[in-house]
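Read off the chains here:
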Amino acid sequence: MCCRQSTLGRRDNPLLWFQLICLCLFLAGCEKTDKGGEAPEPKLGITRALLPQVTLADTVLIGTRDAQGTAGFLGIPFAKPPVGEARWQRPVPYALDGGRLDATQFAPACMQSGSGLNWYHGMMRRVGVDPALMEGPEYSEDCLYLNVWTDVDDATLHSQRSDDLQLRPVLMFIHGGSNTGGWSYEPNYHGGPLARKGAVVVTVAYRLGVFGWMNHPEMTTRNLALHDLSLALDWVHTHIAKFGGDPERITVSGESAGAANALHLALSPLSGTKIHGVIHQSGGWPAVGGPTPKETRSRAQQLQQVLLGPEGSLEGLRDLPAQKLMDVTGDIYSGMRFGAIEDTESLPRTLQQRVADGDLPPLNIIIGTNANESLMYIKPEATVASYLQDRIPAHRWSAVVAAAGDGLDERTTFDRLGTAVTFLCPSLMLADAMGSAGGRVFVYRFDRVRPNFDSIGAYHGAELPYVFDRHDAWLPTEAVDNGLTEMMVGYWHRFISQGDPNGPDLMVWPQWQPTDQKAVIFSEDSSVMLHPDSEFCAVLSDT
């Protein structure tokens, strides 16, 4: 996760102003421009040539361009709004009905408390950056939209002939945010740079928190957010060729909770065989545990009791304003991670069960973590002893602390433990299990710390500006960062193209084997080595 740039910076973009003027002229020549609405031909035909267009099922999508001229189709609905009676119902595909659809602006983010924006502000304060540089989006329950970036030329897009297209690999990215926050168009997720490298990039939204993950006894569908993502995947598989993307080469990627969701989507019967590969960034914890149907049902019943009393019902909850639900959700769901639960239709067996049983499909997958995933979350009063309590048997504490590293201070040791337990070691466990299943597995650790970022280190989400080639202006970015970006984008593009990150002019990235645990360490001086934390995780696994 990284920071959304200020809209103030966009005022100086002459190309954007030119596009806006053209769009105004376009809209002035149309009777109706609502999504899916009908409209006559624009009166000024020149606007058709200036704005990128794609036709889906007789509906013309009007897109926009970034500063480098790459086409973006923003805020495309893939599901009907999940509001009113549709709250807590499975998503229904959005029906294109001809006419024109304005795809020049992002849609509101899914309903949330603001935790995503607060995450950014907290991180910025820790490194002395003004949080005012970070702006959040609007929030709404009507939020099931996706965004597409493509660098296929306009003439080819307009022709709509499959034989004119040399189809490109597709990256479908799922944002993180603990399944309670975040949005699909945080500036580091904008897909223009990757599109210019030869991919088609799609970023997708899904219902968050209680709206996407509640398990009420009266509900007929579980894991609604996973259903949202499955429907988005169906949309991509059906329509992406019109944008120049190859529906047979869809890689699903995510960071943090988005990584967990990406892998759950790959394991879900809902996805069939649509997924070509997975990129799993800093989302290891479901391999060792997650919410249960019983726990999530109990929390839903508590929510109903608090808001409606003993006579409450699911229908009564549907009638409540979204904000009233948000006001009590934090307390009621405190201490529980939102996420996919075991469910016959969408997830018959959890990731934890499949890892333990050695029953994973042989996926092509990149798995990685960052060196300091937990550092920025450590509270001032926290101690190593408080962390180990109830996690590690007391007689093993000295061995575990020693394995974390010699001569480390309290805060560094705490970070090593928190990073290992939640992110690192479950990810290596997953890599072992996937490798044993016959998957092609490639493991990394991201170590780069930007200048003056020692207080948060290689933080949770630090790799995102590099893999998307989207460094915010306020991030201190040096020549080494640009070089590292070029390397990581190269690996990511090769992986989504062929299921293997290796290619010309790239350092060889060995395939991970349980008996030969080599990984790429991304840093100022990137290298390949046996994973530096394998022995540490082995000590933790013995506790």
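Residues numbered from 1 in each chain as written. Predicted model: local features only at pLDDT ≥ 70, side-chain atom pairs only at ≥ 80, totals over all residues. Heavy atoms only, no water.

J.: Could you clarify how one ought to interpret the overall build of the protein chain in this entry?
T.: In terms of regular secondary structure, the protein chain is built from 18 helices and 16 strands. When each of the 543 residues of the protein chain is scored for burial, the buried share is 57%. Within the protein chain, counting contacts between residues at least 6 apart in sequence, those at least 24 apart form 77% of the total. By element, 51% of the accessible surface of the protein chain is carried by carbon and sulfur atoms, the whole surface being about 21400 Å². (Helix = DSSP H or I, 4+ residues; strand = E, 2+ residues; numbered from the N terminus. Buried < 20%, exposed > 50% of the residue type's maximum accessible area, 1.4 Å probe, protein only. Contact = heavy atoms within 4.5 Å. Areas by Shrake-Rupley, 256 points an atom, 1.4 Å probe, with all protein chains shown as cover.)

J.: For this particular structure, what's the right way to read the state of the cysteines?
T.: Put plainly, a disulfide is one covalent bond tying together the sulfur atoms of two cysteines. Using the criterion set out here, one finds two disulfides in the structure. The connectivity of the disulfide bonds within the protein chain can be written as 1-2, 3-4, using the sequence rank of each bonded cysteine. (Disulfide = S-S within 2.5 Å.)

J.: Before we go on, may I ask you to explain the pattern of salt bridges in this structure?
T.: Opposite charge on two side chains permits them to pair, given that their charged atoms come into close proximity. Under the counting rule described, the total for this entry stands at 18 salt bridges. The salt bridge involving Asp 66 is made with Arg 196; its shortest N-O contact spans 2.8 Å. Of this pair, Asp 66 sits in the loop between strand S3 (64–65) and strand S4 (71–77) while Arg 196 sits in helix H5 (residues 192–196), and the two are 130 residues apart along the sequence. Judged by relative accessible area, which is 32%, Arg 196 ranks as partly exposed. The partner of Glu 478 in a salt bridge is Arg 448, and the shortest N-O contact between them spans 3.3 Å. Of this pair, Glu 478 sits in the loop between helix H16 (464–467) and helix H17 (479–498) while Arg 448 sits in the loop between strand S14 (440–446) and H16; the two residues are 30 residues apart in sequence, bridging distant segments of the chain. Among the charged side chains, a network of salt bridges with common partners joins Arg 416, Arg 445, Asp 447 and Asp 533. (Salt bridge = Lys/Arg side-chain N within 4 Å of Asp/Glu carboxyl O.)

J.: Quick question: what am I supposed to make of helix H9 (residues 293–308) here?
T.: Residues that lie three or four places apart on an α-helix share one face, since the helix turns once every 3.6 residues. The first and last C-alpha atoms of H9 sit 22 Å apart over 16 residues, in line with the 22 Å expected at 1.5 Å per residue. Inspection of H9 places Thr 296, Arg 299, Ala 300, Leu 303, Gln 304 and Leu 307 among the buried residues, and these make up the whole buried set. Viewed end-on, H9 has its buried residues packed into an arc of 140°, placing them on one side of the element. Residues of H9 that are exposed and point more than 90 degrees away from the buried face comprise Lys 294 and Val 306. Of the surrounding secondary structure, the elements contacted by the buried residues of H9 are helix H6 (209–213), helix H10 (314–318) and helix H11 (322–332). Of the residues trailing H9, Gly 309 is marked for its positive phi of about 80°. (Expected span 1.5 Å × (residues − 1). Arc of directions from axis to C-beta.)

J.: So what exactly am I meant to see when it comes to the packing of helix H15 (residues 410–436) against helix H18 (residues 534–541) here?
T.: The description of two helices packed together rests on the angle between their axes and the distance between the axes. Interaxial distance between H15 and H18 falls to 10 Å at its minimum, and their mutual angle equals 95°. If you check the angle between H15 and H18, you find them roughly perpendicular. Of the residues in H18, those in contact with Arg 416, Leu 417, Ala 420, Val 421, Leu 424, Cys 425 and Leu 428 of H15 are Ser 534, Phe 536, Cys 537 and Leu 540. (Axes fitted to C-alpha atoms, helices over the stretch in contact; angles between N-to-C directions. Parallel < 35°, antiparallel > 145°, perpendicular 65-115°, else oblique.)

J.: Just checking my understanding: could you explain the packing of aromatic side chains for this structure?
T.: The geometry of an aromatic ring pair is captured by two quantities: the separation of the ring centres and the angle between the planes. If you walk through the whole model with that rule in mind, you get 22 aromatic pairs. Plain terms: the ring middles of Trp 235 and Phe 243 are 6.0 Å apart, the flat faces sit at 45° to each other, and that makes the pair tilted. Since its relative accessible area comes to 8%, Trp 235 is described here as buried. By relative accessible area, Phe 243 is classed as buried at 0%. Each residue in the set Phe 442, Tyr 444, Tyr 491, Trp 492, Trp 509 and Phe 522 is aromatic and connected to the rest through ring pairs, giving one cluster. Over the aromatic face of Trp 88 sits the side chain of Arg 87, whose NZ or CZ is 5.4 Å from the ring centroid. The ring of Tyr 387 has Arg 391 lying over it, and the distance from NZ or CZ to the ring centre is 3.9 Å. (Phe/Tyr/Trp six-rings, centres within 6.5 Å; stacked < 30°, edge-to-face > 60°. Lys NZ or Arg CZ within 6 Å of the ring centre and 35° of its normal.)

J.: Got a minute to help me understand the sheet that holds S14 in this structure?
T.: Backbone-to-backbone hydrogen bonds pair the strands of a sheet. The strands run either parallel or antiparallel. Read from one edge to the other, the open sheet built from 11 strands follows the order S3-S4-S8-S10-S9-S11-S12-S13-S14-S15-S16, with strand pairing classed as mixed. Edge positions in the open sheet fall to S3 and strand S16 (527–530), since each of these has one partner strand only. Seen against the sheet, H15 touches strand S12 (277–281), strand S13 (364–370) and S14 and runs at an angle of roughly 160° to S13. Here H17 sits on the sheet in contact with strand S9 (168–174), strand S11 (245–255), S12, S13, S14 and strand S15 (518–522), set at roughly 145° to S12. (Pairing = 2+ DSSP bridges.)

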